[in-house]
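Single-letter residue listing:
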Protein chains: 6
Amino acid sequence: MPIVRIDVTRDGVTKEQKQQLIKGVTQLLKDVLNKEFHLTHVVIQEIDTDNWGLGGEQTTEIRKQQSKQ
Amino acid sequence: MPIVRIDVTRDGVTKEQKQQLIKGVTQLLKDVLNKEFHLTHVVIQEIDTDNWGLGGEQTTEIRKQQSKQ
Amino acid sequence: MPIVRIDVTRDGVTKEQKQQLIKGVTQLLKDVLNKEFHLTHVVIQEIDTDNWGLGGEQTTEIRKQQSKQ
Amino acid sequence: MPIVRIDVTRDGVTKEQKQQLIKGVTQLLKDVLNKEFHLTHVVIQEIDTDNWGLGGEQTTEIRKQQSKQ
Amino acid sequence: MPIVRIDVTRDGVTKEQKQQLIKGVTQLLKDVLNKEFHLTHVVIQEIDTDNWGLGGEQTTEIRKQQSKQ
Amino acid sequence: MPIVRIDVTRDGVTKEQKQQLIKGVTQLLKDVLNKEFHLTHVVIQEIDTDNWGLGGEQTTEIRKQQSKQ
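Cut-offs applied
- Residues numbered from 1 in each chain as written.
- Chains lettered and ligands numbered in written order.
- Predicted model: local features only at pLDDT ≥ 70, side-chain atom pairs only at ≥ 80, totals over all residues.
- Heavy atoms only, no water.
- UniProt positions renumbered as here; feature names shortened; annotations may be inferred.
- Least-squares fit on C-alpha atoms with pLDDT ≥ 70 in both.
- Contact = heavy atoms within 4.5 Å.
- Buried area = accessible area lost by both parts, 1.4 Å probe.
- Salt bridge = Lys/Arg side-chain N within 4 Å of Asp/Glu carboxyl O.
- Helix = DSSP H or I, 4+ residues; strand = E, 2+ residues; numbered from the N terminus.
- Nonpolar A, V, L, I, M, F, W, Y, C, P; charged D, E, K, R; others polar.
- 1 Å grid on protein atoms, 1.4 Å probe; cavity = no way out; pocket = protein on both sides within 12 Å on 5 of 7 lines; lining within 4 Å.
- Points joined across faces, edges and corners; volume = space filled by probe spheres on them.
- Pairing = 2+ DSSP bridges.
- Polar contact = N/O pair within 3.5 Å; in protein donor to acceptor, adjacent residues only side chain to side chain.
- Buried < 20%, exposed > 50% of the residue type's maximum accessible area, 1.4 Å probe, protein only.
- Right-handed = clockwise from strand over helix to strand, strands pointing away.
- Expected span 1.5 Å × (residues − 1).

- The name that an unreviewed UniProt entry assigns to chain A is Tautomerase, with the source organism given as Flavihumibacter stibioxidans.
- Its UniProt record gives chain A a comment under Sequence similarities (unreviewed entry), which states: "Belongs to the 4-oxalocrotonate tautomerase family."

Laid out in structure tokens, this is it:
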């Protein structure tokens, strides 16, 4: 039954990394809640850094500031 | 008031099919809960098959396996 | 694969009505996109009317106004 | 058209505060994107502090630690 | 802690407008609920007008009708 | 930055199990994507079994059938 939604910034997450996240989350739900593998859905959404704000700023700008430090 | 979110894998769903989903869901909410058409929002999100996992595997890989059988 | 999320206001939706929504949406996805029944998840979330705003007002207040008309 | 979902921890947010959030967000979308009031939906979801984790810890525990400092 | 998700139709929202939405929502949560800036996440999702239905119709078609009036 | 939403059926998940899920997911995102612990939010939502449908049936009813077998 579990549905897990993972939102991350669009930072070039590789296919292999996505597979690791899917496998890891599905195994975790099996280990902790004994949820059947075949019933666990994992959906990864990649969000543009202009579209994700933290502390009132766009991630794009936060990273520009960080790269100047 | 209803907001309906439909997540499907990115498989070339046509404009016409999206219209059928929107119409069908809106009619269903009218029939079952008497919700006004003009208040029902339907949002369809198409997810890459690398980004949707089931049973610990990416849909892309599940489909490759299925096509070999 | 489809995951359908239906958000409605908490208005005493009955168990039977929920079953009709689940059945109807699952059938619609089979009819339009040929999605397998056993892979379609439907999640219904009931939201308090104080927590759902439209036009800048809480639904609770909108309904009070409507009942006075 | 806009749908805004606000997730906050269940901390006794009052009805009045919810109204302010709904009004404020709806006005913001009118001011910035000229979105019509009557089309803007705002949904507030209150999450138990056991169910919201940050930095690998439950909010309930984070707050206990903070109250000891 | 707050997570705010803003879904809008994909209508060429500019980077500057996104920044205003992020700033405005974060400030609102500070003003109303005294939520710390650095803990408030805002995620903006832009949805194709074919994928957003209202009143049983796709937004794309609604706008065509409106432009004829 | 990551926001992870875990939807499960309301089946008496304990506080300890929720802590394990939060810790495990946060660690996984650190291991796979090197995401900072203090930026990873995990939100667990528990859904009534009447409100979660699979294969066109409510989970409540699916479980009743399973218990008869």
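**Some details on the relation of the copies chain F and chain A**
Then, in step 1: Overlay of chain F on chain A (RMSD 0.0 Å): rotation 180 degrees, translation along the axis 0.0 Å. What the rotation and shift describe, once combined, is the action of a two-fold rotation axis. By C-alpha distance to the rotation axis, the residue of chain F lying nearest is Arg5(F), at 2.5 Å.
Then, in step 2: A share of 100% of the interface residues of chain F reappears at the interface of chain A, consistent with the copies meeting face to face through the same patch.

**Overview of the interface of chain E and chain F**
Reports often express the size of an interface as the amount of accessible area lost when the parts come together.
Then, in step 1: Tallying the contact residues gives six residues for chain E and six residues for chain F.
Then, in step 2: Interface area for chain E against chain F, summed over the two sides, is near 500 Å², with a carbon-plus-sulfur share of 67%.
Then, in step 3: Of all residues in chain E, the largest losses of buried area upon contact with chain F belong to Ile3(E), Arg5(E) and His41(E), amounting jointly to 78% of the total for that side.
Then, in step 4: Where chain E packs against chain F, one counts zero salt bridges.
Then, in step 5: Listed by contribution, the elements that provide at least two residues to the side of chain E that touches chain F are strand E1 (3-9) and strand E2 (41-47) of chain E.
Then, in step 6: Counted by class, the side of chain E that touches chain F contains four nonpolar, one polar and one charged residues.

**Looking at empty space enclosed by the protein**
Then, in step 1: The full count for this structure, using the stated rule, is one cavity of 30 Å³ or more.
Then, in step 2: Roughly 140 Å³ of internal volume is contained in the largest cavity.
Then, in step 3: Tallied by class, residues from the lining of the largest cavity come to no nonpolar, six polar and six charged.

**A word on the sheet that holds strand E3 (residues 52-54) of chain E**
Then, in step 1: An order of E4(E)-E3(E)-E2(B)-E1(B)-E1(C)-E2(C)-E3(F)-E4(F) is seen for the eight strands of this open sheet, with the pairing classed as mixed. The open sheet has two free edges, formed respectively by strand E4 (57-58) of chain E together with strand E4 (57-58) of chain F, since each of these has just one partner strand.

**What about the interface of chain F and chain A?**
Then, in step 1: Counting from both sides, the interface comprises 26 residues of chain F and, opposite them, 27 residues of chain A.
Then, in step 2: A combined buried area of about 2,200 Å² lies between chain F and chain A, and 75% of that area is made up of carbon and sulfur atoms.
Then, in step 3: Seen at the junction of chain F and chain A, the total is two salt bridges.
Then, in step 4: Ionic pairing is found between Lys35(F) and Asp11(A), a salt bridge with its closest N-O pair at 3.8 Å.
Then, in step 5: Linking chain F with chain A are six residue pairs in polar contact (both at pLDDT 80 or more), by the criterion used here.
Then, in step 6: Looking at the side of chain F that touches chain A, the elements that each hand over two or more residues are strand E1 (3-9), helix H1 (15-33), strand E3 (52-54) and helix H2 (59-68) of chain F.
Then, in step 7: Looking at the side of chain F that touches chain A element by element, the count peaks at nine residues for H1(F).
Then, in step 8: Its residues assigned to classes, the side of chain F that touches chain A shows 16 nonpolar, five polar and five charged.
Then, in step 9: Bridge count for strand E1 (residues 3-9) of chain A against E1(F) is five bridges, and the pairing is antiparallel. In the sheet register, Ile6(A) faces E1(F), and the bridge partner there is Val4(F).

**As for the sheet that holds strand E3 (residues 52-54) of chain C**
Adjacent strands of a sheet pair through backbone hydrogen bonds, lying either parallel or antiparallel.
Then, in step 1: In spatial order, the strands read E4(A)-E3(A)-E2(E)-E1(E)-E1(D)-E2(D)-E3(C)-E4(C); together these eight strands make up an open sheet with mixed pairing. Of all the strands in the sheet, just strand E4 (57-58) of chain A together with strand E4 (57-58) of chain C have a single pairing partner and so form its edges.
Then, in step 2: Pairing of strand E3 (residues 52-54) of chain A with E2(E), which is carried by three bridges, proceeds in the antiparallel orientation. Paired with Trp52(A) across the two strands is Val43(E), which belongs to E2(E).

**Brief notes about the pairing of strand E1 (residues 3-9) of chain C**
All names here are of chain C.
Then, in step 1: Counting buried residues in E1 gives seven out of seven residues, a clear majority hidden from the surface.
Then, in step 2: Covered by surrounding structure in E1 are Ile3, Arg5, Asp7 and Thr9 together with Val4, Ile6 and Val8, the residues of both alternating faces.
Then, in step 3: In the sheet, E1 pairs with strand E2 (residues 41-47) via seven bridges, with the strands oriented parallel. Counterpart to Ile6 in the pairing with E2 is Ile44.
Then, in step 4: Since E1 and E2 lie parallel, the crossover through helix H1 (residues 15-33) that links them has a hand, and here it is right-handed.

**Some words on the relation of the copies chain E and chain F**
Then, in step 1: Between chain E and chain F, the superposition needs a rotation of 180 degrees and an axial shift of 0.0 Å, giving an RMSD of 0.0 Å.
Then, in step 2: Take the interface residues of chain E: 100% of them recur as interface residues in chain F, which is what a same-surface contact looks like.

**Let's talk about H1(F)**
Then, in step 1: With 19 residues, H1(F) should reach 27 Å at 1.5 Å per residue; the first-to-last C-alpha distance of 27 Å fits that figure.
Then, in step 2: Residues of H1(F) that are buried: Lys18(F), Gln19(F), Leu21(F), Ile22(F), Val25(F), Thr26(F), Leu28(F), Leu29(F), Val32(F) and Leu33(F).
Then, in step 3: On its buried side, H1(F) packs onto E1 and helix H1 (15-33) of chain A, strand E3 (52-54) and strand E4 (57-58) of chain D together with E1 and strand E2 (41-47) of chain F.
Then, in step 4: Asn34(F) lies just past H1(F) and shows a positive phi near 55 degrees.

**Side note on the environment of Glu61(B)**
Then, in step 1: Examined against the element boundaries, Glu61(B) turns out to sit in helix H2 (residues 59-68).
Then, in step 2: Sequence separation of Glu61(B) and Asp50(B) is eleven residues, and the distance between their C-alpha atoms is 8.1 Å.
Then, in step 3: Separated by 2.5 Å, the side chains of Glu61(B) and Lys15(A) make a polar contact.

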